[in-house]
Amino acid sequence: MPKSSKKSIVPVLLFDVGLPLGAYYGARALGFAEYHALLAATLVAGARVGYAAWRRRTFDAISMVMLLMFGVGLALSFVTGEERMLLVLQSGTTGVLGLFLLGTCVFGAPAAFTVAKRVRSGEKELVRRWESLYAEESGFRRIFTVITLVWALSLVGEAALRVPVAFLFPLDAAIGLSSVMPAVIITAALVWTSWYGKRAGARYTA
């Protein structure tokens, strides 16, 4: 991995992942119940999403995942009192997202192509060129299909792995691991996407 990629992961793990986890474990260390610890983590994750949206004028993927993870956990705490089952249900969040991404590879355009066009929507000429290449070049289509498949399989695999984690580890450790795992997977997928996109798309650059 390039040094620049390693440096970019540090603030992600420190702020997007570390702050919500710190709030959760801090609340637990102070003797707060699971519900209140999840509430604290959800509020911190939500504040981080709001700050990132205000600062960058966009929503950060890792921050949104952390907010979703703790937010879903908080909501499910009203439905089930079994904390380990709650973690299993939480894994469905990334699992469903992964299955959705797989579906876009079969029906319509791969999600990666749709997202890429949306991100660069202000560059009209570039988007038109991409659409032309997508219609005419199978190699160009393959780039976005591969990216979407890697993301889909990563998310589905991560969701499946969190099920044994929920039952094999002590509860607080399982909660921590279940929160970190999706963030690590998404960070790795982002780094890989950047590398693969530049490498595979080099022949199509103007």
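Residues numbered from 1 in each chain as written. Predicted model: local features only at pLDDT ≥ 70, side-chain atom pairs only at ≥ 80, totals over all residues. Heavy atoms only, no water.

**Some details on the overall build of the protein chain**
Along the protein chain, the regular secondary structure elements total eight helices and zero strands. Listed by position from the N terminus, the elements making up the protein chain come as α-α-α-α-α-α-α-α. Put simply, 68% of the contacts in the protein chain that link residues at least 6 apart link residues at least 24 apart. Surface exposure of the protein chain reaches about 11400 Å², of which carbon and sulfur atoms provide 69%. (Helix = DSSP H or I, 4+ residues; strand = E, 2+ residues; numbered from the N terminus. Contact = heavy atoms within 4.5 Å. Areas by Shrake-Rupley, 256 points an atom, 1.4 Å probe, with all protein chains shown as cover.)

**Considering the packing of aromatic side chains**
Enumeration over the complete set of coordinates arrives at six aromatic pairs. Taking the centre distance of 4.3 Å and the plane angle of 10 degrees together, the rings of Phe113 and Tyr134 count as stacked. Of this pair, Phe113 sits in helix α5 (residues 111-119) while Tyr134 is found in helix α6 (residues 124-136), placing the two residues 21 residues apart along the sequence. Both residues of the pair, Phe113 and Tyr134, belong to the buried class. Plain terms: the ring middles of Phe113 and Phe144 are 5.0 Å apart, the flat faces sit at 65 degrees to each other, and that makes the pair edge-to-face. One end of the pair, Phe113, is in helix α5; the other, Phe144, is in helix α7 (residues 138-168), and 31 residues separate them in sequence. Like Phe113, the residue Phe144 is buried in the burial classification. (Phe/Tyr/Trp six-rings, centres within 6.5 Å; stacked < 30°, edge-to-face > 60°. Buried < 20%, exposed > 50% of the residue type's maximum accessible area, 1.4 Å probe, protein only.)

**Considering the environment of Pro110**
In this fold, Pro110 is placed in the loop between α4 (83-106) and α5. The buried category is assigned to Pro110, whose relative accessible area is 2%. Spatially, the C-alpha atom of Pro110 lies 5.6 Å from that of Thr145, the residues being 35 residues apart in sequence. Ignoring any residue separated from it by four or fewer positions in sequence, one finds Pro110 in contact with Thr104, Tyr134, Phe144, Thr145 and Thr148.

**Observations regarding the side chain of Arg162**
One can find Arg162 in helix α7. Among the residues examined, Arg162 registers a relative accessible area of 0% and is labelled buried. Of note is the side chain of Arg162, whose polar atom sits 2.4 Å from the side chain of Glu158. (Polar contact = N/O pair within 3.5 Å; in protein donor to acceptor, adjacent residues only side chain to side chain.)

**Quick notes on α6**
Taking 1.5 Å as the rise per residue, α6 with 13 residues should run 18 Å; its terminal C-alpha atoms sit 19 Å apart, in good agreement. Elements in contact with the buried residues of α6: α5 and α7. (Expected span 1.5 Å × (residues − 1).)

**Description of the packing of α5 against α7**
At their nearest, the axes of α5 and α7 sit 7 Å apart, and the two run at 105 degrees to each other. Compared by their axis directions, α5 and α7 come out roughly perpendicular. Mapping the contact onto sequence places Ala111, Ala112, Phe113 and Ala116 in α5 and Phe140, Phe144, Ile147 and Thr148 in α7. By residue class, the composition of the contact of α5 with α7 is seven nonpolar, one polar and no charged. (Axes fitted to C-alpha atoms, helices over the stretch in contact; angles between N-to-C directions. Parallel < 35°, antiparallel > 145°, perpendicular 65-115°, else oblique. Nonpolar A, V, L, I, M, F, W, Y, C, P; charged D, E, K, R; others polar.)

**Re the environment of Ala159**
The residue Ala159 is located in helix α7 in this model. Here the alpha-carbon distance between Ala159 and Thr94, two residues 65 residues apart in the chain, equals 6.0 Å.

**Digging into the environment of Tyr196**
With respect to the element layout, Tyr196 can be found in helix α8 (residues 171-201). In this structure Tyr196 comes out as buried when scored by relative accessible area, which is 14%. Along the backbone, Tyr196 and Ile147 are 49 residues apart, and their C-alpha atoms lie at a distance of 8.1 Å.

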